[in-house]
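Geometric and topological summary
Each chain, letter by letter, is given below.
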Amino acid sequence: MTYNDSPSDLKHYCMARNNLLNLREYRGTPHALAFVAKTVWFYLFTRRDTARLRLSFSAFAAALRGDFTGHRRFLG
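Reading the values: the criteria
Residues numbered from 1 in each chain as written. Predicted model: local features only at pLDDT ≥ 70, side-chain atom pairs only at ≥ 80, totals over all residues. Heavy atoms only, no water. Core = buried A, V, L, I, M, F, W, Y, C linked by side-chain atoms within 4.5 Å. Buried < 20%, exposed > 50% of the residue type's maximum accessible area, 1.4 Å probe, protein only. Contact = heavy atoms within 4.5 Å. Patch = residues over 30% accessible without salt bridge, like charges linked within 9 Å, V, L, I, M, F, W, Y side chains within 5 Å. Areas by Shrake-Rupley, 256 points an atom, 1.4 Å probe, with all protein chains shown as cover. Salt bridge = Lys/Arg side-chain N within 4 Å of Asp/Glu carboxyl O. Helix = DSSP H or I, 4+ residues; strand = E, 2+ residues; numbered from the N terminus. Polar contact = N/O pair within 3.5 Å; in protein donor to acceptor, adjacent residues only side chain to side chain. Phe/Tyr/Trp six-rings, centres within 6.5 Å; stacked < 30°, edge-to-face > 60°.

To continue, consider the nonpolar core. Formed by 18 residues in total, the largest nonpolar core has its most connected members in Tyr3, Tyr13, Leu20, Phe35, Tyr43 and Phe60. For Phe60, the residues in contact, after removing those within four places along its chain, are Ala16, Leu20, Phe35, Val36 and Thr39.

Glancing now at a nonpolar patch on the surface. Where nonpolar side chains cluster on the molecular surface, the patch consists of Met1, Trp41 and Phe45 and spans about 430 Å² of accessible area. Note that Phe45 resides in helix H2 (residues 29-46).

Tracing the chain through its elements places Arg52 in helix H3 (residues 50-65). Side chain to side chain, Arg52 and Asp9 meet in a polar contact 2.8 Å long. In this view, Arg52 contacts Asp5, Ser6, Pro7, Ser8, Asp9, His12 and Tyr43; residues no more than four positions away in its chain are not counted.

A full pass over the atoms with the stated rule returns eight aromatic pairs. Ring plane angle 45 degrees and centroid distance 4.5 Å describe the contact between Trp41 and Phe45, whose orientation is recorded as tilted. Taken together, the residues Trp41 and Phe45, both in helix H2 and four residues apart, mark about one turn of the helix. On the basis of relative accessibility, which here comes to 56%, the residue Phe45 falls in the exposed class. Seen in terms of ring centroids, Phe57 and Phe60 are 5.8 Å apart; in terms of plane orientation they differ by 85 degrees. Their pairing is edge-to-face. Of this pair, Phe57 and Phe60 both sit in helix H3, three residues apart, roughly one helical turn. Residue classification places Phe57 among the partly exposed residues on the basis of a relative accessible area of 41%. By relative accessible area, Phe60 is classed as buried at 4%.

None of the figures reported here should be taken as evidence of function without further support.
Dropping the structure here:
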């Protein structure tokens with residue numbers, strides 16, 4: 001299993017948000033849920049990083065709301 005982990009919070013936030021939306025739209029809910037599970041597994045067991053996991057959940061919530069403004073906080 002691979003995971004596209006970026007050192008940039010901006011890139012990670014956008015990747016998590018966009019992947020969840022695209023998977024849900026084009027592949028269906030099961031694929032979107034698998035992506036969420038993969039993200040949780042990666043940041044809990046493969047590369048433990050609870051801050052990055054919280055960022056992921058923030059991006060997932062934005063995706064479900066259809067909010068494409070959250071990335072602006074990283075553009076300072």
